[in-house]
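Architecture and fold: a report
For reference, the chains in residue letters:
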Amino acid sequence: MSKKILLCDDAPTALKLMEMVLGDEGYEIFKAENAEQAMKSLELNGPFDGCVFDVNMPGKNGIELSRDFLAHPKGAGANIVIVSTESSDHLRQAGKDAGVKAWIVKPFDDEDLIEVLKRITA
């Protein structure tokens, strides 16, 4: 059975690229364009084996989404990766404090995302 991955990014191109890369690896992909859609997907399709969230999105950012996601019964213990153009130590620490397992800076190599997801969902 394939592992379920939730992608949340407000950039349609980024979502499509990650969907193609991870779909080719055999993951079952669910997509959301903002935190509200991600939480609805958690309700309907969760739990997920892994999540990939952007930081900068309208409404709640990826760190706030991570906090809310992990507080939800279906999201407890989720393996969350942040992919973002942001790389400050302050934001990385905020992500870690929220329960994020890994941080990848955009632009990234497809293999980096694949390897990180394999590692945290093993």
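Everything numeric here is computed off the predicted structure, so don't read it as measured data. (Residues numbered from 1 in each chain as written. Predicted model: local features only at pLDDT ≥ 70, side-chain atom pairs only at ≥ 80, totals over all residues. Heavy atoms only, no water.)

With that out of the way, let us pick up the nonpolar core. Counting residues in each nonpolar core, the largest one holds 24 residues, and the members touching the most others are Leu6, Cys51, Phe53, Leu65, Phe69 and Ile80. Mapped by element, the contributors of at least two residues to this core are strand S1 (4-8), strand S2 (28-32), helix H2 (35-45), strand S3 (50-53), helix H3 (62-71), strand S4 (80-84) and helix H4 (89-98). At four residues, H3 tops the list of elements feeding residues into this core. Core analysis: the second largest hydrophobic core is formed by 19 residues, Met18, Val21, Ile29 and Ile120 among them. (Core = buried A, V, L, I, M, F, W, Y, C linked by side-chain atoms within 4.5 Å. Buried < 20%, exposed > 50% of the residue type's maximum accessible area, 1.4 Å probe, protein only. Helix = DSSP H or I, 4+ residues; strand = E, 2+ residues; numbered from the N terminus.)

A few words on the UniProt feature "modified residue: 4-aspartylphosphate" (unreviewed entry) in the protein. Sequence positions flagged by UniProt for "modified residue: 4-aspartylphosphate" (unreviewed entry) are, in local numbering, Asp54. Asp54 sits in the buried class, given a relative accessible area of 5%. When near neighbours in sequence (up to four residues on either side) are disregarded, Asp54 contacts Cys8, Asp9, Asp10, Gly62, Val83, Ser84 and Lys106. (UniProt positions renumbered as here; feature names shortened; annotations may be inferred. Contact = heavy atoms within 4.5 Å.)

In total, this model carries three aromatic pairs according to the counting rule given. An aromatic cluster of three or more residues is present, and its members are Phe30, Phe48, Phe53 and Phe69. Positioned over the ring face of Phe48 is Lys4, at 5.5 Å from the centre of the ring. (Phe/Tyr/Trp six-rings, centres within 6.5 Å; stacked < 30°, edge-to-face > 60°. Lys NZ or Arg CZ within 6 Å of the ring centre and 35° of its normal.)

Here the UniProt-annotated "domain: Response regulatory" (unreviewed entry) positions come out as residues 4-121. The span residues 4-121 carries 47% helix and 19% strand; its end-to-end C-alpha distance comes to 10 Å.

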